[in-house]
Amino acid sequence: MTEVKNPPRHVAIIMDGNGRWAQKKGLPRSMGHKKGAEAVKKIVEAAGEAGVKFLTLYAFSTENWNRPEDEVKTLMDLLRQYLKSQLRELQEKGVRILFIGERDMLDKDIIQAMNSLEKETADNDKITLCIALSYGSRQEIVSAAKKIAALAKRGDIAPEDIDIKMFSDMLYTSTIPDPDLLIRTSGEQRISNYLLWQIAYAELAFTNVLWPDFGKEEFNEILQNYSLRERRYGKV
Ligand code: IPE
Ligand code: IPE
Ligand code: MG
């Protein structure tokens, strides 16, 4: 178990590189996704041990719906399996589950499993695991703008009332703090429509390790490095 001094309160991760991991081994992409799902469990555990209170994982983006049908099906089947098998372990580890994203795009049984996991784990307080599923940050921001416009049209608020706090409260992430640290695996250095508003002042960390190979050691090394950084928020 690794103690980390001043751990980030909230870590967000773009879990990338499953396909390349499989390709490198001459395996189908689906095997990479399977291995990737296993890596999730290790990192949830490592985050809890390090004292991280919120972990947000990018599991499936709105743009990922455009992948070939059989790959989307593989990902949805893995997700289904994860959601339906994890309850006991999450309870034992004190994990509270939340989901962010466009739920209506998902199959009914998956939505049901999500709702019930959120409900069953609502009182756990060791760590909050937030899973971004069918998530797109621009879509999230547009939907927040629509909610605010509707309030203004009804006369419930005036345009001058709109501020950063109100806008944040209209996002899917309204109940959790902004990420302190954003990690992306697999060597890509881009955000891919993830938490655009929320990462305004997050520290960024990129690693070449592919997600299925990303383990506790790699995670803790990034946290150690984070603890040495100075966050200035525009001040001197
Ligand atoms: C991340 O791995 C998982 C999802 C996006 C669902 P990828 O499937 O993007 O793997 P690469 O980037 O093709 O290697
Ligand atoms: C981002 O990875 C989405 C997830 C990790 C779920 P992608 O592999 O979809 O992103 P791009 O296509 O490389 O930008
Ligand atoms: Mg990718």
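Right above here is the structure, for reference.
So, here's what we can say about the structure.

Criteria and cut-off values
- Numbers given for residues are sequential positions, taken from 1 along each chain in its written order.
- Ligands are numbered from 1 and chains lettered from A, in the order in which they are written.
- Per-residue local features of the predicted model are confined to residues with pLDDT of at least 70, and side-chain atom pairs are confined, for both listing and counting, to 80 or more; whole-chain, interface and lining totals are unaffected and use all residues.
- Computation of side-chain values covers all heavy atoms of the structure but excludes hydrogens and water.
- Think of it this way: any DSSP run of H or I at least four residues long counts as a helix, any run of E at least two long counts as a strand, and we number them from the N terminus.
- Each residue is placed in one exposure class: buried if its accessible area under a 1.4 Å probe, protein chains only, is under 20% of its type's maximum, exposed if it is over 50%, and partly exposed if it falls in between.
- The criterion used for residue contact is that any of the two residues' heavy atoms lie within 4.5 Å.
- Exposure was quantified through the Shrake-Rupley algorithm and a 1.4 Å probe, taking into account, for residues, occlusion by the shown protein chains and nothing else.
- Helix axes are fitted to C-alpha atoms over the stretch in contact, other axes to C-alpha atoms as well, and angles between N-to-C directions run from 0 to 180 degrees.
- We call two directions roughly parallel when the angle between them is under 35 degrees, roughly antiparallel when it is over 145, roughly perpendicular when it lies between 65 and 115, and oblique otherwise.
- We call a crossing left-handed when the near helix sits turned anticlockwise from the far one by less than a right angle, and right-handed when that turn is clockwise.
- All amino acids are sorted into three groups, where Ala, Val, Leu, Ile, Met, Phe, Trp, Tyr, Cys and Pro are nonpolar, Asp, Glu, Lys and Arg are charged, and the leftover types, Gly among them, are polar.
- A helix's residues, less one, multiplied by 1.5 Å, set its expected span.
- Think of it as the arc spanned by the lines of direction from the helix axis to the C-beta atoms.
- Throughout, nonpolar core names a set of buried Ala, Val, Leu, Ile, Met, Phe, Trp, Tyr and Cys residues whose side chains join them through atoms within 4.5 Å.
- By the criterion applied in these results, polar contacts are pairs of N or O atoms within 3.5 Å in which, for protein atoms, one can donate a hydrogen and the other can accept it, and in which residues neighboring in sequence qualify only through two side-chain atoms.
- Residues are counted as near a molecule or strand when any one of their heavy atoms sits within 4 Å of it.

A look at the overall build of the chain
In terms of helices and strands, the chain carries eight helices and six strands. Its helices and strands in sequence order give the chain the pattern β-α-α-β-α-α-β-α-β-α-α-β-β-α, from N to C terminus. Across its three principal directions, the C-alpha atoms of the chain cover 60 × 45 × 35 Å. Each of the 236 residues in the chain was classed as buried or not, and the buried ones make up 47%. Within the chain, contacts between residues separated by at least 24 positions form 78% of all contacts whose residues are at least 6 apart in sequence. When the accessible surface of the chain is summed, it comes to about 12700 Å², and 50% of that surface belongs to carbon and sulfur atoms.

Focus: the packing of helix α2 (residues 29-50) against helix α3 (residues 69-85)
For the pair α2 and α3, interaxial distance at closest approach is 10 Å and the crossing angle is 30 degrees. In terms of axis orientation, α2 runs roughly parallel to α3. Seen from above, α2 lies across α3 with right-handed handedness. For the pair formed by α2 and α3, the contact residues are Arg29, Ser30, His33, Lys34, Val40 and Lys41 on the first element and Glu71, Thr74, Leu75, Leu78 and Tyr82 on the second. Within the contact of α2 with α3, the residues separate by chemical class into four nonpolar, three polar and four charged.

A few points about helix α6 (residues 137-153)
Across its 17 residues, α6 extends 24 Å between first and last C-alpha, which sits within 8% of the 24 Å expected from 1.5 Å per residue. Listed in full, the buried residues belonging to α6 are Ser137, Glu140, Ala144 and Ile148. The buried residues of α6 occupy an angular sector of 70 degrees when projected down its axis, which confines them to one face. Facing away from the buried side of α6, by more than 90 degrees, are the exposed residues Arg138, Lys146 and Lys153. On its buried face, α6 sits against β4 (127-135) and α7 (164-169). Following α6 by one or two positions, Gly155 adopts a phi angle in the positive range, close to 85 degrees.

Details of the nonpolar core
The biggest cluster of nonpolar side chains holds 44 residues, and the ones touching the most others in it are Val11, Ile13, Leu55, Leu83, Leu129, Ile183 and Phe219. Per element, the largest residue contribution to this core is seven residues, and it comes from α2. Setting aside its immediate chain neighbours within four residues, Ile183 contacts Val11, Ala12, Ile13, Ile14, Ala205, Phe214, Phe219 and Ile222. Membership of the second largest hydrophobic core comes to 15 residues, among which are Phe54, Ala132, Ile176 and Leu182.

Side note on unusual backbone geometry
For Asn193, which is not glycine, the phi torsion reads 65 degrees and is therefore positive. Tracing the chain through its elements places Asn193 in the loop between β5 (181-184) and β6 (203-206). On the basis of relative accessible area, Asn193 is assigned to the buried category, the value being 13%. Backbone geometry at Tyr233 places phi at a positive 50 degrees, although glycine is not the residue there.

Here's the deal with the side chain of Thr56
Tracing the backbone shows Thr56 in strand β2 (residues 54-61). Accessibility expressed as a relative area gives 1% for Thr56, which makes it buried. A polar contact of 2.7 Å, which involves the side chain of Thr56, links it to the side chain of His10. The contacts of Thr56, once residues within four sequence positions are left out, are His10, Val11, Ala12, Ile13, Ile100, Cys130, Ile176, Tyr194 and Leu195.

Quick notes on the site of ligand 1
Surrounding ligand 1, one finds 13 residues, the nearest of these being Asp16, Gly19, Arg20, Arg29 and Arg67. Contact between ligand 1 and Asp16: an oxygen atom at 2.8 Å from a side-chain N or O atom of the residue. The side chain of Arg29 places a nitrogen or oxygen atom 3.0 Å from an oxygen atom of ligand 1. Calculation on ligand 1 without its partners gives an accessible area of 370 Å², and the protein chains cover 87% of this total.

Notes on helix α8 (residues 216-227)
The end-to-end C-alpha distance of α8, which contains twelve residues, comes to 16 Å, matching closely the 16 Å that a straight helix rising 1.5 Å per residue would cover. For α8, the full list of buried residues reads Phe219, Asn220, Ile222, Leu223 and Tyr226. Down the axis of α8, the buried set is contained in an arc of 160 degrees. They therefore lie on one face. Opposite the packed face of α8, turned more than 90 degrees from it, sit the exposed residues Glu217 and Glu221.

Just distances and angles here, no functional claims.
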